[in-house]
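Residues per chain, in single letters:
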Amino acid sequence: MIIDFRIRPPVGGFRDTLMYAAGERRDGFTRTVGFTPSIAAQKQSMDLLLQEMDQAKVDCGVVVGRLAGTLGSVPNEDVQRIVQEHPNRFIGAASIDPTSRVGACQTIDNALAAGFKLINIEPGSYPIPMYADDRRLYPIYAHCEDRKVPVIMMVGGTAGPDLSYSDPIRTDRVLADFPNLKVVVAHGGWPWVTEILHIAFRRSNMYLSPDMYFSRMPGWEQYVSAADTFLSDRMLYASSFPFCPVKDYKDWFETLPIKPENLAKVMGGNARKLLGI
């Protein structure tokens, strides 16, 4: 079973986000990392995306809701609708509003009751940016830890107004303060590749999903080495569609020098264990 841990389908609120509204910007990044832009992304077609997933033999994709400023928001209701309309093809990750502790915790409980499997926290991308170790987030992390629900934390790539919002030291503090909280670091903590891998080595509750930054961006070889060694049980495969095409990314990923038994874990086994499916 292959699970793509970050797919943004071209429906609902996703169409209003920067990744679809600014198509030339998105396609430019796609070419930068060595791929031809996906027709499904350019035509904003859900049917073509599903066809691409079928051609790639990708069984399931994680769809992430978000509350963001310039990047654009995707309501949890849109994510839930995608999961309901395409059963067994998508897994939902719910977003929260961190400015209300009570509201955020209630959102988490409602999301879990509705079948969501993860909670998405993007500190630097919120309308009012925060750092990962902002104390306003700590009760929310604690609530997720108590509920035993994994958190996706975007602290890499365009994680905020400037590079400080992906500071790996702040991520390390969160992992240390909540040792029983399973945290998936989206975008691989890039560009802090060496630093985030060091944190992964010392914090067993951290999972790593470099997604689009896995592909030929500076430091990507270190991700490959980690996936085939000490991080083989906690590395997660993700295309980050629409930035990378689902099929071409999958075909390329399978050529990487990763032992078959580790490749199977990275491309699905680890996600299944993390999500309990």
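Residues numbered from 1 in each chain as written. Predicted model: local features only at pLDDT ≥ 70, side-chain atom pairs only at ≥ 80, totals over all residues. Heavy atoms only, no water.

**Here's the deal with helix α5 (residues 76–85)**
Note the threshold: Exposure classes here rest on a 1.4 Å probe applied to the protein chains alone. A residue is buried below 20% of its type maximum, exposed above 50%, and partly exposed in between. Every helix listed is a DSSP run of H or I at least four residues long, and every strand listed is a run of E at least two residues long, numbered separately from the N terminus. Each C-beta atom gives one direction from the helix axis, and the arc is the one those directions make. The contact definition used throughout considers only heavy atoms, calling two residues in contact when any of these lie within 4.5 Å.
Within the sequence span of α5, burial applies to N76, D78, V79 and I82. Along the axis of α5, the buried residues cluster in a sector spanning 165°; they form a single face. Projecting away from the buried face of α5 at angles above 90 degrees are the exposed residues E77, Q84 and E85. Tucked into the core, α5 has its buried residues touching α4 (46–56), β2 (60–64), β3 (90–95) and α6 (101–113).

**What about the layout of surface pockets?**
Quick reminder of the rule: Both cavities and pockets are sets of points on a 1 Å grid over the protein atoms alone; in a cavity a 1.4 Å probe fits but cannot get out, in a pocket the set is open with protein on both sides within 12 Å along at least five of seven lines, and lining residues sit with an atom within 4 Å of a point. Grid points are joined across faces, edges and corners, and a volume is the space filled by probe spheres set on the points.
The space that makes up the largest pocket amounts to roughly 240 Å³. In terms of lining residues, the largest pocket is bounded by 17 residues, among which R25, L71, T158, M212 and F243 are the most central. Mapped by element, the contributors of at least two residues to the lining of the largest pocket are α1 (18–21) and α2 (23–32). When residues of the lining of the largest pocket are assigned to their parent elements, the largest contribution, three residues, is made by α2.

**Observations regarding the nonpolar core**
Most often, soluble globular proteins keep nonpolar side chains buried together rather than apart. Filter applied, for reference: Take the buried Ala, Val, Leu, Ile, Met, Phe, Trp, Tyr and Cys residues and link them wherever side-chain atoms come within 4.5 Å; each set so joined is a nonpolar core.
The biggest cluster of nonpolar side chains holds 78 residues, and the ones touching the most others in it are I119, I121, Y141, L208, F214, M235 and F253. Counting residues in hydrophobic clusters, the runner-up holds 20 residues, among them V62, V64, M154 and A186.

**Re the pattern of salt bridges**
Counted only if it meets this: The working definition used for a salt bridge is a side-chain nitrogen of Lys or Arg within 4 Å of a carboxyl oxygen of Asp or Glu.
Under the criterion given, the structure shown has 15 salt bridges. Taking the shortest distance from any N to any O, the salt bridge between D251 and K247 comes out at 2.7 Å. With a gap of four residues between them, D251 and K247 both fall in helix α11 (residues 246–253), about one helical turn apart. Owing to a relative accessible area of 31%, D251 belongs among the partly exposed residues under this scheme.

**Let's talk about the packing of aromatic side chains**
The following threshold applies: Here a Phe, Tyr or Trp ring, Trp counted by its six-membered ring, pairs with any other such ring whose centre lies within 6.5 Å, and the pair is stacked when the planes are under 30 degrees apart, edge-to-face when over 60, and tilted otherwise.
The final tally for this structure, using the stated rule, is 18 aromatic pairs. Ring centres 4.2 Å apart and planes at 5° place the aromatic pair Y131 and Y165 in the stacked group. Here Y131, found in the loop between β4 (118–121) and α7 (138–147), pairs with Y165, found in the loop between β5 (151–154) and α8 (168–177); they are 34 residues apart in sequence, far enough to count as distant. Judged by relative accessible area, Y165 falls into the buried class, the value being 13%. One aromatic cluster in this structure is built from F35, F214, W220, Y223, Y237, Y249, W252 and F253.

Geometry only, nothing functional implied.
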